[in-house]
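In case you want the letters, here they are:
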Protein chains: 2
Amino acid sequence: MIQNVFIIGATGKVGRELVSQIVEKDLDNKKHINPTRIIGLASSSNFLFSEKGLSKENCLDFSERKRNFEKYGSLDELLEMVKSIKRDEGDSFVLIDVTAVKNIIDFHLKIIRETDFGIVTANKNPLALSDYKTFQELIKEPSRYGYRCSVMAGAGVIDYIQDLRDVTDHLELTEGCFSGTIGFILSELENSVEFSEALKKAIGKGYTEPHPRDDLNGLDVAKKLLILARTSGYNVNMKDIRLLPLIPEKYFNYDKINEFLDSVKELDNIFLEKIIKAKESGNVLRYIARISFENNLPKLSISLREVPKNSPLGSLKGTLNKIHIVSGAGTYSVKAPGAGLKITAQNIRRDLLQQLKGRKLIEY
Amino acid sequence: MIQNVFIIGATGKVGRELVSQIVEKDLDNKKHINPTRIIGLASSSNFLFSEKGLSKENCLDFSERKRNFEKYGSLDELLEMVKSIKRDEGDSFVLIDVTAVKNIIDFHLKIIRETDFGIVTANKNPLALSDYKTFQELIKEPSRYGYRCSVMAGAGVIDYIQDLRDVTDHLELTEGCFSGTIGFILSELENSVEFSEALKKAIGKGYTEPHPRDDLNGLDVAKKLLILARTSGYNVNMKDIRLLPLIPEKYFNYDKINEFLDSVKELDNIFLEKIIKAKESGNVLRYIARISFENNLPKLSISLREVPKNSPLGSLKGTLNKIHIVSGAGTYSVKAPGAGLKITAQNIRRDLLQQLKGRKLIEY
């Protein structure tokens, strides 16, 4: 059985890494009984498609934008192309979304409603920005909708929480540090680096979004927390989260990155004071996302908190992420690298494995 | 679709907990589109079977040994019974092995070879005591052979390592503390409790095997380590493990538990000295299982080691288990409760979920 895939966002950072991993590690992988076959690639404007599968060279040329490729009108046009393929019995098709596009909810829904195709997504928006009913419709068949990369890609927490629901366990508390970028900045502050310098360092290492505001406003962490709460079966929305951004909102008005970076220098002393105050009590600062419960209702919050230096979250270093999930089964804790390109691409490929019907492990 | 299950070992500690969890949480669970139906239960001598499913009362009566039930001659006899059932299209059958029986390898093999049934096992023996070729045959279809409970039940490390193989990542190091019993004893030693007293406390809390020798000889840890290495694709056997038991082998000759407990009092001072020596360097003692690599060949070892008190394994407390898996994707660390009855039974039920074809999450 062949697993055909179509990758949208194939020229982005994750997309390029994913194409190169599939080309190098999956296409000729003798360990795979069910090979992955790339039949389509798309950027925001161009695409490349062949129902018989694309060659390595063509895949790499496309993802590296080495040539000009055909334009397309809409994603629906691509979908119609894939729908029209006569598939061999048992062959499957998975759409991979590694874009960060917001208005793609309807496209995901259309695939779930109108086809038997699967989706693997690293894009959190369809899960976090849709209403709860839509969220439920998207994820209802775990074998068709893989979204492990949306929250701590390598940690498997989505599977864990889906399972807890189905074995009738109840979530008591979920708490974690989900932003590799903010984790890195806070680690630097502990090493006496000034806030504005730590931020520049994070930008230099490629840890931040194109505009670092999009990390510091906490919205990305909020989307992850919301996806966890919804996966646990709670009808919650972004507005239900008590979100305190890492820095005051007034700074987010600076659209030009240089002006933004200049303005946040004002915060250097404020963070220095916070760090000193924390140190005096043996504490460190962590940006913590939390789902707790009051009268069986979930309370979602995200804020900068002081925690003991030797506590599980306090001992976290650099870009690492960590989560604790407390349920009737005790506390499950995972520490894993904050989503980087390699980890994200590898876990998209793990989600593809989960969608293989009759997956077999090769003897070797 | 109904998932029919037959539980062997149903009157044991895990078996009783499992039956009660299924009866309370799965049978009438409206969250389950695919209900679990217990059609058979067996102890080492008796069984109860009905192809239409057993009632709650009958299940509980059997697992609590409340009445006398029919005798059976061999497991093969039970297997023939199940084979003869006319199943509805889509219905599936899973055998659940919660025994600790050693000579059950052929029975597992027969199920894999002669039927399309699934197996979920908490019994490590078929995986650790078979030859490597047999191991590979047993696990080749992840959707038919669930063994997450064999190593750190709640931690999902088996899935993780299976996936690493299939995405062509390579294991660099695996290191962990896998014995809740030994973890508990070492934690007590740190609190100045004498070794023989700590052992008695562990027995009192029900943490040990019937004869505590079976925890202290490290064999259980060795089986887990072997299963991890084999899951990674390495042809290794028990004799390839450099295993240092927690206490010298001569004590294991005492078959009577009282004599054994008396004899190990000799070790109180030896452990005291070890603890003091470790403390002087800021260290603690941990019983660590490790897979490392030399020239791409795995080296398996298990021994008591000194590690810094604030290190990831040094900070572990009580019966908790922890594992670090280092691969090309970075370090993945999980901390989870050492297999207790509740956790084991819950994770057998998670393995059942993994074997559901067309599993659906209910909207709620």
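Scoring rules and cut-offs
Residues numbered from 1 in each chain as written. Chains lettered and ligands numbered in written order. Predicted model: local features only at pLDDT ≥ 70, side-chain atom pairs only at ≥ 80, totals over all residues. Heavy atoms only, no water. Helix = DSSP H or I, 4+ residues; strand = E, 2+ residues; numbered from the N terminus. Rg over C-alpha atoms; globule rule 2.2 N^0.38 Å. Buried < 20%, exposed > 50% of the residue type's maximum accessible area, 1.4 Å probe, protein only. Least-squares fit on C-alpha atoms with pLDDT ≥ 70 in both. Pairing = 2+ DSSP bridges. Axes fitted to C-alpha atoms, helices over the stretch in contact; angles between N-to-C directions. Contact = heavy atoms within 4.5 Å. Core = buried A, V, L, I, M, F, W, Y, C linked by side-chain atoms within 4.5 Å. Buried area = accessible area lost by both parts, 1.4 Å probe. Salt bridge = Lys/Arg side-chain N within 4 Å of Asp/Glu carboxyl O. Polar contact = N/O pair within 3.5 Å; in protein donor to acceptor, adjacent residues only side chain to side chain. Domains from an automatic or database assignment. Nonpolar A, V, L, I, M, F, W, Y, C, P; charged D, E, K, R; others polar. Phe/Tyr/Trp six-rings, centres within 6.5 Å; stacked < 30°, edge-to-face > 60°. Lys NZ or Arg CZ within 6 Å of the ring centre and 35° of its normal.

S.K.: Just to check I follow, could you spell out the overall build of chain A for this structure?
M.R.: The secondary structure content of chain A amounts to 14 helices and 13 strands. Since a compact globule built from 364 residues should have a radius of gyration of about 21 Å, the 21 Å found for chain A is in line with a globular shape. In terms of principal-axis extent, the alpha carbons of chain A reach across some 65 × 50 × 45 Å. The buried share of chain A, taken over its 364 residues, is 59%.

S.K.: Looking at this structure, how should I read the relation of the copies chain B and chain A?
M.R.: The pair of chain copies shares a relation made of a rotation about an axis and a shift along it. For these two chains of identical sequence, chain B goes onto chain A by a turn of 180 degrees and a shift of 0.0 Å along the axis, with RMSD 0.0 Å. Read as a symmetry element, the transformation amounts to a two-fold axis. When C-alpha positions in chain B are compared against the rotation axis, the closest is assigned to Val334 of chain B, at 2.2 Å.

S.K.: Looking at this structure, I do not really get the sheet that holds strand β8 (residues 171-177) of chain B. What am I missing?
M.R.: Read from one edge to the other, the open sheet built from 12 strands follows the order β9(A)-β11(A)-β10(A)-β8(A)-β12(A)-β13(A)-β13(B)-β12(B)-β8(B)-β10(B)-β11(B)-β9(B), with strand pairing classed as mixed. Here the strands that pair on one side only, and so sit at the sheet edges, are β9 (241-243) of chain A together with β9 (241-243) of chain B. Here the average twist between neighbouring strands, direction ignored, is 15 degrees. Both β9 of chain B and strand β11 (residues 297-308) of chain B contribute to a ladder of 3 bridges, which runs parallel. Paired with Leu243 of chain B across the strands is Ile302 of chain B, a residue of β11 of chain B. The sheet strands contacting helix α8 (residues 180-190) of chain A are β10 (283-294), β11 (297-308) and β12 (320-327) of chain A, and the helix crosses β10 of chain A at an angle near 140 degrees.

S.K.: What am I meant to see in the sheet that holds strand β2 (residues 36-42) of chain A here?
M.R.: Sheet strands pair via backbone hydrogen bonds, and the direction of the pair is either parallel or antiparallel. Residue and element names in this part refer to chain A. Strand order across the open sheet formed by 7 strands is β4-β3-β2-β1-β5-β6-β7, with mixed pairing between neighbours. Bordering the open sheet on either side are β4 (70-71) and β7 (145-146), each of which pairs with just one other strand. Pairing of strand β6 (residues 118-121) with β7, which is carried by 2 bridges, proceeds in the parallel orientation. Of the residues in β7, the one forming a bridge with Ile119 is Tyr145. In the packing of helix α1 (residues 13-26) onto the sheet, contacts are made with β1 (3-8), β2 and β5 (92-97), and the angle to β2 comes to roughly 160 degrees. Along the sheet, helix α4 (residues 105-114) makes contact with β1, β5, β6 and β7, crossing β6 at roughly 150 degrees.

S.K.: Which parts of the structure should I look at to understand the nonpolar core?
M.R.: Most often, soluble globular proteins keep nonpolar side chains buried together rather than apart. One finds Phe195 and Ile247 of chain A together with Phe195 and Ile247 of chain B to be the most contacted residues of the largest nonpolar core, which totals 160 residues. Judged by nonpolar contacts, the second largest core, of 27 residues, contains Val5, Leu18, Leu41 and Val98 of chain A.

S.K.: I tried to follow the interface of chain B and chain A on my own but got confused; where do I start?
M.R.: Interface size is often expressed as the accessible area that is lost when the parts come together. Residue-level contacts link 48 residues of chain B with 48 residues of chain A. Buried surface at the junction of chain B and chain A, summed over both partners, amounts to about 4,500 Å²; 45% is from carbon and sulfur atoms. Taken together, chain B and chain A are joined by 6 salt bridges. Of the charged contacts in the structure, one is a salt bridge between Asp163 of chain B and Arg359 of chain A, with a shortest N-O distance of 3.1 Å. At the boundary of chain B and chain A, one finds 16 residue pairs in polar contact (both at pLDDT 80 or more). Only α1 (13-26), α6 (132-139), α7 (157-166), β13 (330-337) and α14 (341-354) of chain B provide two or more residues apiece to the side of chain B that touches chain A.

S.K.: Honestly, the side chain of Arg359 of chain A in this entry has me stumped. Any pointers?
M.R.: By the element assignment, Arg359 of chain A lies in the segment after α14 (341-354). The exposure class of Arg359 of chain A is buried, given its relative accessible area of 8%. Side chain to side chain, Arg359 of chain A and Asp166 of chain B meet in a polar contact 3.2 Å long.

S.K.: What am I meant to see in helix α2 (residues 56-63) of chain A here?
M.R.: One turn of an α-helix holds 3.6 residues; hence residues three or four places apart share an orientation. All names here are of chain A. Among all positions of α2, only Cys59, Asp61, Phe62 and Ser63 are buried. Against the buried residues of α2 lie α1, β2 and β3 (46-49). Of the residues one or two after α2, Arg65 is the one with positive phi, at around 50 degrees.

S.K.: I would appreciate a short explanation of the domain arrangement of chain A in the present structure.
M.R.: Residues and elements named next belong to chain A. Domain boundaries assigned for chain A yield domain 1 (3-152 + 342-354) and domain 2 (171-337). Averaged C-alpha coordinates put domain 1 and domain 2 at centres separated by 30 Å. Buried surface at the junction of domain 1 and domain 2, both sides included, amounts to about 1,500 Å², of which 69% is carbon and sulfur. The largest per-residue losses of area from domain 1 upon contact with domain 2 belong to Tyr132, Val151 and Met152, which jointly make up 46% of the total buried on that side. Across the salt bridge formed by Asp220 and Lys124, the nearest N and O atoms sit 3.3 Å from each other. On the surface where domain 1 and domain 2 come into contact, there are 6 residue pairs in polar contact (both at pLDDT 80 or more). Those elements that provide at least two residues to the side of domain 1 that touches domain 2 are α5 (125-128) and α6 (132-139). Broken down by element, the residue count for the side of domain 1 that touches domain 2 peaks at 3 residues, all from α5. When its residues are assigned to classes, the side of domain 1 that touches domain 2 shows 9 nonpolar, 3 polar and 3 charged.

S.K.: Can you help me understand the packing of aromatic side chains in this one?
M.R.: Within the structure shown, the criterion is met by 22 aromatic pairs over all chains. Ring centres of Tyr132 of chain B and Phe135 of chain B lie 6.2 Å apart, and the angle between their planes is 15 degrees; this geometry places the pair in the stacked category. Here Tyr132 of chain B pairs with Phe135 of chain B, and both are found in helix α6, just 3 residues apart, close to one helical turn. The same class applies to Tyr132 of chain B as to Phe135 of chain B, namely buried. One residue, Lys274 of chain A, lies across the ring of Phe271 of chain A, its end atom 5.5 Å from the ring centre.

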